[in-house]
Amino acid sequence: MSRRGHRASQPPGDHTRPEPLDSGELVVRHVDRNGRVRAYDFATLPIAEPMQRSLAVLFAARCTPNRWGSHRSSRLTFQLLEKFTAFLSGLERPPRDVEELTTAQVKQWRLSQAGTAGGHNAITRVGSLLRQDARLASGPVADELAVRTQRPKSKTQSYSEDEFDRIKRAARRTFRAVLLRINDNAAHLERWRAGAFAPGSYDFILGEALDSLARTGDIPRRVSAKGARNPVWRFHRVLGNTSPAATWQRLFLSRLEAAALGVLLMAEFGWNLSVIHQAKVPKASPDPGEDGQPTYRIPVVKYRRGGGRYFESRNVTDDGAGSPGRLITEALQATRFARAVVEDLAPGTDLLIVWRWAQGGHAITTSDHHPPVGLFRFGVVDSAGSAWARAEGLAGSPFRRGRRTVNALVRREPGQNSQATHDRDYVLVDQRVQQEAADIIAAGAEDAAARARQAVLLAEVRADPDPDDRETATADCHDYEHSPFTQPGEGCRASFLLCLGCPNARIHPGHHARLAHLHRALNHLRSAQPPTVWEADWGEAHARLEDLKRRLGEPVWAQALACVSDTDRHLIDCVLTGVLDA
């Protein structure tokens, strides 16, 4: 089925996918998941022809959509093979083929990569490729290739709160100006199409220019005798000049304006640059509901997650200014004219971020990008992010650090990553997360200590009573006039349950039976009350009795339960029902 709903034509019955490597050749052709082809000539590697052929065979085995779906994977691996073979060619006796590789040579190469930028990636990728060869499936060289190297810790750190706020404000400022500009010109175009302007007037000619832009992506031009395509004079007169701001930027985004939109998508959803670059057009639900607010289904593609886990979708609702759905609504508005022109030129191109290039015919730099359609380009690349940042007085492309900030500190959950990757590569290595965690841990420890101090038994446990102490329902009081729960000299008015948490209290064997009965009564209450209610009313008293039970030991506690008197039961009933409260 095609993107426009038509049944796709079947290939011929004898159709097969072309082989990446033809017999007798050293050129590998990688067809990516979009059908684009990139060729790699292994004859250019500075190594003997048998080694070139062996590496080409191993490389070609991975040039399939289920292994390498993008040219980025094959391009990076070929670059690493260029460096690897350059190292081999510099040895005193370079191996002519893979079976001549020695353990010492592999170890020397591994050591040469240690501590270098991309060293872990080189060792892992090249080693994995070489171990596919049956001649290196086992033996000392295979063991050396299989030695694991420690993944270097990411040096990318999140932004401070002030830094990230500054980036978001700059992106909003850029994109807001774009949206206002395009909407103003769209309103003028609608009025022109409705016949609101007199023919030949300034507004009428401007409407003609906007209509040409909306249909073709450019203003009307004439070809001079020398072949130059110059604007028709009457449009030049109305537009003022032929600069991008005066002509095509009236309806289309520029490269840096598209980057600003990408920054806003990153800050809102935590997407990385590859997801933003190939973002599809979100589809609004057919029924916007009673409030008329659209809900968008956003398809998200992340091929690095592996087969079967490429795609996910999110639903966001435009429920007012500042909502995630409002950003999608505004992105659709800002790109609607560019997407319409692209749809006419290349039906089925459903990418969200479309912008117009200032110069026609600009060659695309990498086959991983969607090919240009007329004057229009797609997505956002890191160089555009860097250029936008420079224009705003910011340091470097904000996408990598910004995504870390969003996922580790704002959303605090994985974004197109597993939980393990999120924790290892985003959270645990981030200094701002560590600092905030230290503050949270310290506050938690202090709170736990405070709760422990509240719940611990502070009453003094004695072997004999003091005749000067005053007897209470749960313990003896050594200093009634100076209670920690009331003002000095006022006398204690606290509940008898708090006696166990008072340093003035004294507990002796005459209290054991009564307190053991109180402990048992609180356990009975636990089964009859909701947990939150029981914990609020009786939790601390129960914890102190648990502490007393631990100090006295099980034999003493069991003996105390056996000695509970009717007086003990009556006193504890009065304590629990509040009869004895002041």
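Preceding block: the structure.
About the thresholds
Residues numbered from 1 in each chain as written. Predicted model: local features only at pLDDT ≥ 70, side-chain atom pairs only at ≥ 80, totals over all residues. Heavy atoms only, no water. Helix = DSSP H or I, 4+ residues; strand = E, 2+ residues; numbered from the N terminus. Buried < 20%, exposed > 50% of the residue type's maximum accessible area, 1.4 Å probe, protein only. Contact = heavy atoms within 4.5 Å. Areas by Shrake-Rupley, 256 points an atom, 1.4 Å probe, with all protein chains shown as cover. Pairing = 2+ DSSP bridges. Expected span 1.5 Å × (residues − 1). Core = buried A, V, L, I, M, F, W, Y, C linked by side-chain atoms within 4.5 Å. Patch = residues over 30% accessible without salt bridge, like charges linked within 9 Å, V, L, I, M, F, W, Y side chains within 5 Å. Salt bridge = Lys/Arg side-chain N within 4 Å of Asp/Glu carboxyl O. Lys, Arg positive; Asp, Glu negative; His and termini not counted. Charge placed at Lys NZ, Arg CZ, Asp CG, Glu CD. Axes fitted to C-alpha atoms, helices over the stretch in contact; angles between N-to-C directions. Parallel < 35°, antiparallel > 145°, perpendicular 65-115°, else oblique. Left-handed = near helix turned anticlockwise from the far one by under 90°. Nonpolar A, V, L, I, M, F, W, Y, C, P; charged D, E, K, R; others polar.

Undergrad: Please explain the overall build of the chain as it appears in this structure.
TA: The number of helices and strands found in the chain is 19 helices and 13 strands. Residues counted as buried form 43% of the 582 residues belonging to the chain. Of the contacts formed within the chain by residues at least 6 apart in sequence, a portion of 63% connects residues at least 24 apart. Carbon together with sulfur atoms contributes 51% to the accessible area of the chain, which is approximately 31200 Å² in total.

Undergrad: I keep staring at the sheet that holds strand β13 (residues 505–507) and nothing clicks. Help me out?
TA: Strand pairs in the sheet, formed through backbone hydrogen bonds, run parallel or antiparallel to each other. Sheet architecture is open: four strands sit in the order β10-β13-β12-β11, paired in mixed fashion. Both outer strands of the open sheet, β10 (460–461) and β11 (470–471), are each paired with one neighbouring strand and no more. Direction of pairing for strand β12 (residues 476–477) relative to β13: antiparallel, over a ladder of two bridges. Its bridge partner lying in β13, cysteine 477 is registered against alanine 505.

Undergrad: For this particular structure, what's the right way to read helix α12 (residues 382–391)?
TA: Each α-helix turn comprises 3.6 residues. Residues three or four places apart therefore point the same way. Listed as buried for α12 are Ala384, Gly385, Ser386, Ala387, Trp388 and Ala389. Looking at the packing, one finds that the buried side of α12 touches α6 (161–193), α9 (255–269) and α13 (399–410).

Undergrad: I keep staring at helix α7 (residues 202–216) and nothing clicks. Help me out?
TA: The first and last C-alpha atoms of α7 sit 21 Å apart over 15 residues, in line with the 21 Å expected at 1.5 Å per residue. Restricting attention to buried positions, one finds in α7 the residues Phe204, Ile205, Leu206, Gly207, Ala209, Leu210, Asp211, Ser212, Leu213 and Ala214. Against the buried residues of α7 lie α6, α8 (233–239) and α11 (324–345). Count one or two residues on from α7 and you reach glycine 217, which has phi positive near 90°.

Undergrad: Is there a simple way to explain the nonpolar core in this structure?
TA: Among soluble globular proteins, nonpolar side chains are generally buried collectively. By size, the foremost hydrophobic cluster in this structure holds 73 residues, and its most contacted members are Phe252, Leu265, Ile353 and Trp388. Considering every element that reaches this core, the biggest residue donor is α6, with eleven residues. In this structure tryptophan 388 touches Ile167, Ala170, Ala171, Thr174, Leu256, Ala259, Ala260, Val263, Leu394 and Pro398, once residues within four positions along its chain are discounted. Core analysis: the next-biggest nonpolar cluster, separate from the first, contains 34 residues, Trp68, Leu81, Leu88 and Leu145 among them.

Undergrad: Looking at this structure, I do not really get a positive patch on the surface. What am I missing?
TA: A cluster of basic residues, Arg166, Arg169, Arg172 and Arg176, forms a positive patch on the protein surface. Secondary-structure assignment places arginine 166 in helix α6.

Undergrad: Whenever I open this one, the pairing of strand β2 (residues 37–41) confuses me. Can you help?
TA: Regular strands have side chains that alternate between both faces of the sheet. Bridge count for strand β1 (residues 27–31) against β2 is five bridges, and the pairing is antiparallel. Each bridged residue has a counterpart across the sheet, and for arginine 29 the counterpart in β2 is alanine 39. As consecutive antiparallel partners, β1 and β2 are separated by five residues, and within that stretch glycine 35 has a phi angle of approximately 85°, a positive value.

Undergrad: What is the right way to read the pattern of salt bridges from this model?
TA: Where charged atoms from two side chains of opposite charge approach closely, those side chains can pair. What the rule picks out here adds up to 27 salt bridges. Among the ionic pairs, glutamate 392 bridges to arginine 173, the shortest N-O distance being 3.1 Å. Residue glutamate 392 is found in the loop between α12 and α13, and its partner arginine 173 is found in helix α6; the two are separated by 219 residues along the sequence. When its relative accessible area of 25% is taken as the criterion, glutamate 392 is described as partly exposed.

Undergrad: What exactly am I supposed to notice about the packing of helix α16 (residues 509–528) against helix α17 (residues 531–552) here?
TA: Relative orientation of the contacting elements α16 and α17 amounts to 140°, with a least axis distance of 10 Å. With respect to each other, α16 and α17 are oriented oblique. Crossing of α16 over α17 shows left-handed handedness. Contacts between α16 and α17 involve His512, Leu515, Leu518, His519, Leu522, Asn523, Leu525 and Arg526 from the first element and Trp534, Trp538, Ala541, His542, Leu545, Glu546, Leu548, Lys549 and Leu552 from the second. Class assignment for the residues of the contact of α16 with α17 results in ten nonpolar, four polar and three charged.

Undergrad: Just to check I follow, could you spell out the environment of histidine 120 for this structure?
TA: Mapped onto the fold, histidine 120 is located in helix α4 (residues 119–130). According to the relative accessible area criterion, histidine 120 is partly exposed, its value standing at 21%. Measuring from C-alpha to C-alpha, the distance between histidine 120 and arginine 148 comes to 9.2 Å, with 28 residues separating the pair along the chain. Ignoring any residue separated from it by four or fewer positions in sequence, one finds histidine 120 in contact with Thr149, Gln150, Arg151 and Pro152.

Undergrad: Which parts of the structure should I look at to understand the environment of leucine 525?
TA: Its place among the elements puts leucine 525 in helix α16. Residue leucine 525 is classed as partly exposed on the basis of its relative accessible area, which comes to 23%. Taking the C-alpha atoms as reference, leucine 525 lies 8.8 Å from tryptophan 538; in sequence the two are 13 residues apart.

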